[in-house]
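Coordinate analysis (summary)
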Amino acid sequence: MNRPGKLATHKTTLPGRDLAWLAALLVAAVAIRFWQLGSQPIWGDEGATVDFAIAPAELFWGRLLLVEPNPPGYYLLMRGWVSLFGFSDFAIRVPSAIASSLAIIPMYLFALRHWGRSAAIIAATLLVLSGIQVQYAQEARGYALMGFFFLAGLYGADSLLRRFEARESAGWATVVLCVCCVGLAYAHFTGLFAIAALFAFQAIVLLGSDQPIASRARFFARNSLFVLLLASPVLAIAIYQLSLPESGVHWIPHRTLAEAWEIYSIAWGHSFLEGPGRFLANSVLLGVFLLGLGCATRARDAAVFALAVVLLFVAAAFYLMGLVQPILITRVVIFAIPAVLLVVAFGCSRLRPRTGWLLGLVLVLLAAYNVGHYVRFFAKESWDQMVAAVAARYDENTAIIHIGGGSQVTFVGGGPVMVLKYWPGARPVEQYFATDGGSPLDRFIIDAHADTYLLDPGAPCPTLGRYEHIELLSRREVDTLRQLRASLEASGATMLDARKFDRLINERWSAPDCATAPAGEP
């Protein structure tokens, strides 16, 4: 076995069986990620993607600087994509579905190179069935691309280390690592954390290298400085954004350690299960993960140790940044899940073949059960039923608030559709996009985030008091829904009706009684 940092030699070609397995897993990933891809209406952030994709050039750059706290890479990609394929609900999600599917390839190759075919099959199958990965694959946002770039970058970094150990020229490995780091940096600001994680992986492996310390230092510094130079524009913009008192992320609440752990636990991948089911699935996965770490300690496996450091580094970096400046810590799942699954696959591969495959099968079944809940959770039939039921009693005196995703549900009528949105305050916005031959769909945005005024007691009155009825729509029972209920009750509103469509929730409320409700500060 290899001591930490010592990497084994590797094959340059794939045997036929591995090609067959990889092709089968890739087909499965495509099938799952494209399933019902265009069945759901786009939600608030996806609306922003379309807005940036179709906006005139002068408006594109102005909005990017003023309201969007992210680099332009993903939006520039989508501008080209939309110009070729349009912006239907299906078309705008295709790049994410493709990227998430292709991420299976570096996942399989990395595990195969280090631990053999059984580990590669288990790791890639778990990634195929990862509910969070499938969710991001079906969103018109840059997160699925970040997942692909991270895994491809991990494979590139590993290849670069092997070439360094063998005293071979860097060649294509440097190109792969640099392209992936640039992709991460320009797709989303949190990609900077992923880049740092890739170099943390390299640093841990280099600690056990046989090469002279000076040679290792030059190798690491050369690669780091080159990538830093390529990503420096994004890093400069990120620092500038975070220095603003009212930056584009100021709406995100600061995290406590308990909240950070709760969010980070989502990285175990079973977020679409609830109660005992999620606890059991996460416990099994955590147990096998710890088994993998234990086996790595005995085998002195450099890759597993480095992946564990990546997990700790990303978690700590996100949390510490959240203490200084609010940040979407949930994005950690893009980098954490593949690392978790690779360590889990290693743990299974270290057992006796029959035991390892049996344990792998249990994990695969749990993942399939979880992703099955995701598919059911977003079933088009349930959405159609709820939309039809609400539309049947909808008029211009009805306000609609959609929580837990903020899908841009289309209703016929003159009243506003209120959706969960990331820019605070109640204000009219420009037309997000057009359908039916170019007719604009006007949207009214209300930020129902937990730290904003709409959820304060009495606060809904100034905004919602002019309507006769309020329709609450939610994907499931979430804290924001419970807080909004309490806020409406404190404002004098009364729940008139409640019904469920599978897991989707629809409640009809009377308007707040502004004459008696306590004052709220908008």
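This text goes with the structure placed above it.
Residues numbered from 1 in each chain as written. Predicted model: local features only at pLDDT ≥ 70, side-chain atom pairs only at ≥ 80, totals over all residues. Heavy atoms only, no water.

1. Re a nonpolar patch on the surface
For the record, the criterion: A patch consists of residues whose relative accessible area exceeds 30% and which take part in no salt bridge; residues with like charges are grouped when within 9 Å of each other, and nonpolar side chains (Val, Leu, Ile, Met, Phe, Trp, Tyr) when within 5 Å. All accessible-area figures derive from a Shrake-Rupley calculation using a 1.4 Å probe, and residue coverage is judged against the displayed protein chains alone. Salt bridges are counted wherever a side-chain nitrogen of Lys or Arg sits within 4 Å of a carboxyl oxygen of Asp or Glu. The helix and strand labels rest on DSSP assignments: H or I over at least four residues marks a helix, E over at least two residues marks a strand, and numbering proceeds from the N terminus. A 1.4 Å probe rolled over the protein chains alone gives each residue an accessible area, and that area as a share of the maximum for its type sets the label: buried under 20%, exposed over 50%, partly exposed in between.
A cluster of nonpolar side chains, namely Leu-225, Leu-228, Leu-235 and Ile-239, defines an oily patch on the protein surface of about 370 Å² accessible area. Inspection of the secondary structure assignment puts Leu-225 in helix H12 (residues 213–243). By relative accessible area, Leu-225 is classed as exposed at 56%.

2. Quick word on the environment of Asp-301
Structurally, the position occupied by Asp-301 is in the loop between helix H14 (275–299) and helix H15 (302–324). Distance in space between the C-alpha atoms of Asp-301 and Phe-346 is 9.8 Å, their sequence separation being 45 residues.

3. Quick word on the side chain of Glu-507
For the record, the criterion: Each polar contact in these results corresponds to two N or O atoms within 3.5 Å; when the atoms are within protein, one needs to be able to donate a hydrogen and the other to accept it, and residues that are neighboring in sequence are counted only if both atoms are side-chain atoms. The contact criterion used is simple: two residues touch if any of their non-hydrogen atoms lie within 4.5 Å.
Inspection of the secondary structure puts Glu-507 in strand S9 (residues 504–510). When its relative accessible area of 4% is taken as the criterion, Glu-507 is described as buried. Only 3.1 Å separates the side chain of Glu-507 from the side chain of Trp-509, close enough to count as a polar contact. Once you skip the residues sitting within four places of it in the chain, Glu-507 turns out to touch Ile-470, Glu-471, Leu-472, Arg-485, Met-495, Asp-497 and Ala-498.

4. What to know about the packing of helix H9 (residues 143–165) against helix H11 (residues 191–207)
Which entries qualify depends on this criterion: Interaxial angles span 0 to 180 degrees and are taken between N-to-C directions of axes, which are lines fitted to C-alpha atoms, for helices over the stretch in contact. Note on angle classes: values under 35 degrees are labelled roughly parallel, values over 145 roughly antiparallel, values of 65 to 115 roughly perpendicular, and the remainder oblique. Crossings are assigned a handedness: left-handed for a near helix turned anticlockwise from the far helix by less than a right angle, right-handed for a clockwise turn.
The N-to-C vectors of H9 and H11 enclose an angle of 25°; their axes lie 10 Å apart at closest approach. Between H9 and H11, the interaxial angle falls into the category roughly parallel. Crossing angle aside, the handedness with which H9 passes H11 is right-handed. On the side of H9, the interface is formed by Met-146, Phe-150, Gly-153, Leu-154, Ala-157, Asp-158, Leu-160, Leu-161 and Phe-164, while H11 contributes Gly-191, Ala-194, Ala-197, Leu-198, Phe-201, Gln-202, Val-205 and Leu-206.

5. Looking at the pairing of strand S8 (residues 495–501)
When a strand is regular, its side chains alternate between the sheet's two faces. As a reminder, the rule being used: A pair of strands counts as paired when DSSP detects no fewer than two bridges linking them.
Bridging between S8 and S9 involves six bridges; their strand directions are antiparallel. Across the sheet, Phe-501 pairs through a bridge with Leu-504, a residue of S9.

6. Things to note about the nonpolar core
Let me state the cut-off plainly: The definition of a nonpolar core used throughout is a set of buried Ala, Val, Leu, Ile, Met, Phe, Trp, Tyr and Cys residues joined through side-chain atoms within 4.5 Å.
In this structure, Phe-110, Trp-115, Phe-201, Leu-307 and Leu-342 are the most contacted members of the largest nonpolar core, which totals 108 residues. Top element by residues in this core is helix H16 (residues 333–349). It accounts for 14 residues. Counting residues in hydrophobic clusters, the runner-up holds nine residues, among them Leu-472, Leu-481, Ala-493 and Trp-509.

7. Notes on the side chain of Arg-508
Locating Arg-508 in the fold gives a position in strand S9. Within the local environment of Arg-508, its side chain forms a polar contact with the side chain of Glu-471, the two groups lying 2.6 Å apart. Residues within four places of Arg-508 in sequence aside, it is in contact with Arg-393, Thr-398, His-469, Ile-470, Glu-471, Thr-494, Met-495, Leu-496 and Asp-497.

Interpretation in functional terms is not warranted from these geometric data alone.
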